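# Summary of the model geometry
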Amino acid sequence: MSLELVPTEKLTVGIKKSFENAESFLNEVYVLKEYEAWSHAYTFCQFAIEELSKIHMLFQLWIDRINGNEIDYKSLDADFKDHKVKTKLSVEIEMSFFRLYKEQNGAEWVDDAINKGETFLQNLKHSNDLKNESLYVTVKNNDFQSPSDIITKEMFDSIYGTALLRKMLSETLMRTEEGINQIAKLLKKEVENGEEDKSS
């Protein structure tokens, strides 16, 4: 089914359900963590991050409909299922929050976080490879490797922190309709800035 057939008033339902599913993944991560099942806990963190990225897609769709913008539903439907696209968007939304925070508070320390996000985007394929390797037995260097051979506790700790941060950024704004509107305004501003950059 295409997103084109989903009524605009239902988009907030998709946003909330995406958040709830991400939260459910992270609850299961807590259990896996207790058993030191780092590789599968890593996988579930990545799943949570991808679910949170759907929030960005649905807000963008919401804004485009409100503004009467032309929408390529074929591409949007494909992106909604594309793991790499969702991972990329999850980083971009985090960076947009950091930019907004710096704009409001003048905090220079966020520059480091933004730079890390930009570096991550340049190595997107590696991130997607790690997600697959955290879930399946793979062949590397002419040998078989299980997920536990590849994913370490340190790697889990890193992605777990990232997943919790992105959940927190969403959670602070999504508990009320007012919060949803705040995110919509933020994303609209990002779109407008992007259009200005293209025209300059």
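We now turn to the structure provided with this report. As the structure is a prediction and not an experimental result, all values here were calculated from the model.

### Considerations on the side chain of R65
Inspection of the secondary structure assignment puts R65 in helix 2 (residues 38-67). Within the local environment of R65, its side chain forms a polar contact with the backbone oxygen of V6, the two atoms lying 2.7 Å apart. With near-sequence residues (within four places) excluded, R65 lies in contact with L3, E4, V6, P7, T8, L11, I71 and Y73.

### Observations concerning the packing of helix 2 against helix 4 (residues 83-105)
Helix-helix packing is described using two parameters, namely the angle between the two axes and the distance between the axes. Axis separation between helix 2 and helix 4 bottoms out at 8 Å; the angle between their running directions is 75°. The pairing of helix 2 with helix 4 is recorded here as roughly perpendicular in orientation. Across the interface between the two elements, Q46, I49, E50, S53, K54, H56 and M57 from helix 2 touch H83, V85, K86, T87, L89, S90 and I93 from helix 4. Its residues assigned to classes, the contact of helix 2 with helix 4 comprises five nonpolar, six polar and three charged.

### Considering the pattern of salt bridges
Taken as a whole, this structure holds five salt bridges when the rule is applied. E23 is the partner of K167 in a salt bridge, and the nearest nitrogen-oxygen pair spans 3.8 Å. Taken as a pair, K167 in helix 8 (residues 153-174) and E23 in helix 1 (residues 11-34) lie far apart in primary sequence, 144 residues in all. With a relative accessible area of 16%, K167 lands in the buried category.

What counts as what
Residues numbered from 1 in each chain as written. Predicted model: local features only at pLDDT ≥ 70, side-chain atom pairs only at ≥ 80, totals over all residues. Heavy atoms only, no water. Helix = DSSP H or I, 4+ residues; strand = E, 2+ residues; numbered from the N terminus. Polar contact = N/O pair within 3.5 Å; in protein donor to acceptor, adjacent residues only side chain to side chain. Contact = heavy atoms within 4.5 Å. Axes fitted to C-alpha atoms, helices over the stretch in contact; angles between N-to-C directions. Parallel < 35°, antiparallel > 145°, perpendicular 65-115°, else oblique. Nonpolar A, V, L, I, M, F, W, Y, C, P; charged D, E, K, R; others polar. Salt bridge = Lys/Arg side-chain N within 4 Å of Asp/Glu carboxyl O. Buried < 20%, exposed > 50% of the residue type's maximum accessible area, 1.4 Å probe, protein only.

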